[in-house]
Amino acid sequence: MLWPSIALLSFVTLQRLAELVYARRNTAALLARGAREYAGAHYPFMVAMHAAWLIGLWLLAIGRPVDPVWFGLFMLLQGLRLWVLATLGERWTTRIIILPGAPLVRKGPYRFLSHPNYAIVVGEIAVLPLAFGMPLYAAIFSVLNGIILAVRIRAENACLKQSAT
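This section reports on the structure supplied with the text. (Residues numbered from 1 in each chain as written. Predicted model: local features only at pLDDT ≥ 70, side-chain atom pairs only at ≥ 80, totals over all residues. Heavy atoms only, no water.)

Turning next to the layout of surface pockets. If you roll a probe as big as a water molecule over the atoms, it shows you where there is empty space left. Space inside the largest pocket adds up to approximately 1,300 Å³. Lining the largest pocket we find 49 residues, and of these T93, R95, N117, Y118 and R152 sit closest to its centre. Looking at the lining of the largest pocket residue by residue, the classes come out as 30 nonpolar, 11 polar and 8 charged. (1 Å grid on protein atoms, 1.4 Å probe; cavity = no way out; pocket = protein on both sides within 12 Å on 5 of 7 lines; lining within 4 Å. Points joined across faces, edges and corners; volume = space filled by probe spheres on them. Nonpolar A, V, L, I, M, F, W, Y, C, P; charged D, E, K, R; others polar.)

Here it is in structure tokens:
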């Protein structure tokens, strides 16, 4: 059946597009309040990797059955994603934006992890292809995502450390 795979990929695509709109709005508002963007050189690579991941799923996963266990785990990750978005509110962006003088967020999932959003994305990058029975695809994009996140988290931690001093 085509419709389960199309429905799931449509959901993820619309979610990602809505998040980009939300992030763009938040970025503009933060910059207007005096925030600055840092370490933006890796951003196009991150966007390209995520776009390739999603486009590849559209090309390769259509018509594949959706495993209910992996689907359930993916939906759990979506709930956690909403928790991160709600916790950060207007400070959530897809870029590294630092608002001088603003304290670090230490509530919600940030009580447990320094970078919960990245942990969720790591899960999503692997779990969605696994829901379609595509373990090699999950592994390849997990490695690519890991490389990008290593650069991003190092840059973000350095910026946050610098802004705290």
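Turning our attention to the environment of G79. Take G79: it is sitting in helix α3 (residues 68-88). With a relative accessible area of 38%, G79 lands in the partly exposed category. (Helix = DSSP H or I, 4+ residues; strand = E, 2+ residues; numbered from the N terminus. Buried < 20%, exposed > 50% of the residue type's maximum accessible area, 1.4 Å probe, protein only.)

Applying the stated criterion across every chain yields a total of 5 salt bridges. Between R81 and E19 there is a salt bridge whose closest N-O contact spans 2.8 Å. Taken together, the residues span a long stretch of sequence, with R81 in helix α3 and E19 in helix α1 (residues 3-32) at a distance of 62 residues. We classify R81 as buried; its relative accessible area is 3%. A residue is classified by how much of its surface remains accessible, and E19, at 9% relative accessible area, is buried. Two residues, R95 and E37, come together in a salt bridge whose shortest N-O distance is 3.0 Å. Here R95 is found in the loop between α3 and β2 (97-98), whereas its partner E37 is found in strand β1 (residues 36-37), with 58 residues between them in sequence. Shared partners join several salt bridges into a network, and the residues in it are R16, E19, R81 and E124. (Salt bridge = Lys/Arg side-chain N within 4 Å of Asp/Glu carboxyl O.)

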